[in-house]
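Residue-level listing of the chains:
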Amino acid sequence: MTYIFTYRFIPFSSQGMGFGCEAKLLLLFLLLPYLGIGKTIRVGQGQQFVKIKPALAASHSGDTVVVEKGTYSEGNIVIDKAITFLGHNLPVLDGHRKFEVVSIKSDSVTIRGFRIQHSSYATLDDPGGVKVYESNHITIADNYLYDNFFGIYIQYGKHCLIQNNKIVAFGKEEQQIGNGIHCWKSDSLQIIGNNVSGHRDGIYFEFVTHSVIWRNVSYSNIRYGLHFMFSNDDAYFTNLFRNNGAGVAVMFTKNVVMMNNTFEQNWGDAAYGLLLKEISDAYIQGNRFSQNTSGIYMEGTNRILVEKNSFEANGWGMKIQASCMDNTIQNNNFTGNTFDISTNGTLVLNTFNNNYWDKYEGYDLNKDNLGDVPYHPLSLFSVIVEQNPPAMLLYRSIMVMLLDKSEKILPSLTPENFIDHQPLMHALKL
Amino acid sequence: MSRIIKFIFIDILKNRIVLLYTLLLAGFAWSAFSLEDNSTKGLLTLLNLILLTVPLVSILFSTIYIYNSAEFIELLLSQPIQRKAIWVSLFLGLSLSLVVGFVVGAGIPILVYAPSDVGLMMLAIGCIITVVFVAIAFLSAILSRDKAKGIGISIMLWLYFAILFDGLVLFLTFQFSDYPIEKAMIGISALSPIDISRILILLHLDVSAMMGYTGAVFKDFFGTSLGFALSFFILLLWIAIPFLVSLRRFKHKDL
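Treat the numbers as computed from the prediction; the structure is a model and nothing was measured.

Here we take up the overall build of chain A. The number of helices and strands found in chain A is 5 helices and 39 strands. Taken over 430 residues, chain A has a buried fraction of 47%. Across chain A, the fraction of contacts at a sequence separation of at least 24, relative to all contacts at a separation of at least 6, is 46%.

All names here are of chain A. Its domain assignment divides chain A into domain 1 (1–37), domain 2 (77–378) and domain 3 (379–414). Here domain 2 and domain 3 have C-alpha centroids that lie 34 Å from each other. Listed as interface residues are 5 residues of domain 2 and, on the opposing side, 7 residues of domain 3. When the residues that make up the side of domain 2 that touches domain 3 are grouped by side-chain class, the tally is 2 nonpolar, 3 polar and no charged.

What follows concerns the interface of chain A and chain B. The interface of chain A with chain B comprises 26 residues on the first partner and 31 residues on the second. When residues of the side of chain A that touches chain B are assigned to their parent elements, the largest contribution, 3 residues, is made by helix 5 (residues 398–409) of chain A. Residue composition of the side of chain A that touches chain B, by class: 14 nonpolar, 10 polar and 2 charged.

With 100% of its residues at a pLDDT of 70 or more, chain B shows a mean pLDDT of 89. For this predicted complex, the interface confidence reaches an ipTM of 0.81, while the overall pTM sits at 0.84.

All names here are of chain A. The phi dihedral of Asn89 falls on the positive side, at around 60 degrees, and the residue is not glycine. With respect to the helices, strands and loops of the structure, Asn89 is situated in the loop between strand 5 (84–87) and strand 6 (92–94). At Asn164, a position not held by glycine, the phi torsion is positive, near 50 degrees. Along the chain, the position of Asn164 falls in the loop between strand 14 (161–163) and strand 15 (166–168).

Moving on, we get to the packing of helix 3 (residues 39–68) of chain B against helix 7 (residues 147–175) of chain B. All names here are of chain B. The contact between helix 3 and helix 7 brings their axes to 10 Å, and the two run at 165 degrees. By the criterion of interaxial angle, the relationship of helix 3 to helix 7 is roughly antiparallel. In the crossing of helix 3 with helix 7, the sense of the turn from one axis to the other is right-handed. Across from Leu51, Leu52, Pro55, Leu56, Ile59, Leu60, Thr63, Ile64 and Tyr67 in helix 3, the residues of helix 7 making contact are Lys147, Gly150, Ile151, Ser154, Leu157, Trp158, Phe161 and Ala162. Grouping the amino acids of the contact of helix 3 with helix 7 by side-chain chemistry returns 13 nonpolar, 3 polar and 1 charged.

As a further point, take the confidence of the model for chain A. Residue and element names in this part refer to chain A. Residues with a pLDDT of 70 or more make up 91% of chain A, whose mean pLDDT is 89. Averaged pLDDT values over the elements of chain A bottom out at 42 in helix 1 (residues 2–9) and peak at 97 in strand 15. In this model residues 1–18 is a low-confidence stretch, pLDDT under 50, and it forms 19 contacts with partners more than four residues away in sequence or in other chains.

Moving on, we get to the nonpolar core. If you look at the biggest cluster of nonpolar residues, it comprises 180 residues, and the most contacted ones within it are Leu46, Met122, Val132 and Phe138 of chain B. With 18 residues, helix 6 (residues 117–143) of chain B is the largest single contributor of residues to this core. Each of domain 2 (77–378) and domain 3 (379–414) of chain A accounts for three or more of the residues forming this core. What Val132 of chain B contacts, discounting residues up to four positions off in sequence, is Pro193, Leu235, Trp238 and Ile239 of chain B.

About the criteria used
Residues numbered from 1 in each chain as written. Chains lettered and ligands numbered in written order. Predicted model: local features only at pLDDT ≥ 70, side-chain atom pairs only at ≥ 80, totals over all residues. Helix = DSSP H or I, 4+ residues; strand = E, 2+ residues; numbered from the N terminus. Buried ≥ 20, exposed ≤ 12 C-beta atoms within 10 Å, placed from the backbone. Contact = placed C-beta atoms within 7 Å. Domains from an automatic or database assignment. Nonpolar A, V, L, I, M, F, W, Y, C, P; charged D, E, K, R; others polar. pLDDT = per-residue confidence, 0-100. Axes fitted to C-alpha atoms, helices over the stretch in contact; angles between N-to-C directions. Parallel < 35°, antiparallel > 145°, perpendicular 65-115°, else oblique. Left-handed = near helix turned anticlockwise from the far one by under 90°. Core = buried A, V, L, I, M, F, W, Y, C linked by C-beta atoms within 7 Å.

Here it is as structure tokens:
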């Protein structure tokens, strides 16, 4: 039975088997109702079962359990069979702040269409709205997770899909709330189209590999919108991270691809659009950094290619610490930032090529759209502010303007090789 | 009193310098907004105008005007008019004409291109700064009978407030960089009207950078309605104190 069932989850694997095999499979599926497996069990007022737990106990792997509208307060619901668990008209599973609401302890479980709320709070075993324990091929989709300690928690999961969930919590302090989507020691996850707010970290990855995060919205979380730790070979595309306590952090990780994301309104001294710490071989392309205190903050970062991003109206477009090397920053737009670039030392081991800087004042005689005079993106005042933050109060005064202008003509305090040799004359259309 | 104000106002308009000032401001402002692709850069150009040109024109023009009106003032004094009324009308007439010049020259392009809170803030601050420097001009004009000396004092004061003061503050921040001086900096900024004005605009223009730790200290002060009201109150003090001191001296001055 389980053998047949797994094929429903890997439909593509049947392609290589030839026509005969496919036909047999089809036949098997057609016969399923008569074989007595994969039956549908209904739960709700006036249905076969009034409560969920007895229905689950009566079910077998391959069955579908459909829960009708209503509120179900049955403590901790454990799913330990490969079933499809469906909510009809958004039934409510309530943990009354005493229980983990749903625990998944079997492979190939689908849970869809529930409102899951009020999980318990415990820092020792981290209860969640839905928690997956060492299981593979889990689908968690179209649920509304409301006011849980952790929203969705995956631990030792492989090939899981978390899609179109709305996850809302009302955390006040970092210690008293868990993460929206928390993934730990997992592989090949797909996190798609979720909407997370009010948790500690919107999406949290630790030791998660070969996974993709796509089209999620993570906003107003207490700490990070997205938090990566030790998670290699992952990618995140087209997400929106807004107004999180500290922005997005990617740390201690190799081979991360970050494309087409929007990072905006992450404000505060320790808030970054994107914080990169001990990262190597990443690719950052086509992102938009808008109105952050720091667009990108890089520390101990190596061999990263940052291209075709747009930095708009940030306090600092990029803060590149002296511990970074062999990074290439090319073809980006820097517009309306207070400071385009800042650094904390004199050592520069990174390359800037063909970026557009709205503060560039050079000319282009041969009209090839490349400025003929190199541009020094590091202003003297950004160095001064780095050493002496209260000096920020003097920004835009005539004195500071004069200092900056004279430094641009005769660089003495700013590192000489911090330079874009061929800045663009016009902004790229990004 | 209103007749004297009207008289002075018309006299200044006839003088054509204020007219030229208005055209100059308008030229700068319109070109700044139409040449740059975003209105923020236009606002920055205007900010420099407000911090540099507006105080200079206000203080110099007013000082020279007061000295040149010495005979007119003496004539008025021979009439049964209070000294206070003469001095106040002179002040109001000058302030009014320069403020009108600023509003017509720079205000209209601001309202057309950047009718945001930053733009309105700039408009308000430009007007206040004008009046502040008219008041300072009254003080420096009353301090000396000698015209050259009076104008010299005006130029020195402008130089001090516009440029030297910031240099001094920068020097101080480096000298005391080991101490938590953020709050003291707020106090020190109150010592220059140009500084307060600049910071009030800065908090709107560079809001992202100002949300950093140190900036947040400033933002917590200037950004709150109390701090906002307080900084405007200090700007008003910058009008009231120099003018009242000059008024006191004028009342007792042997002309």
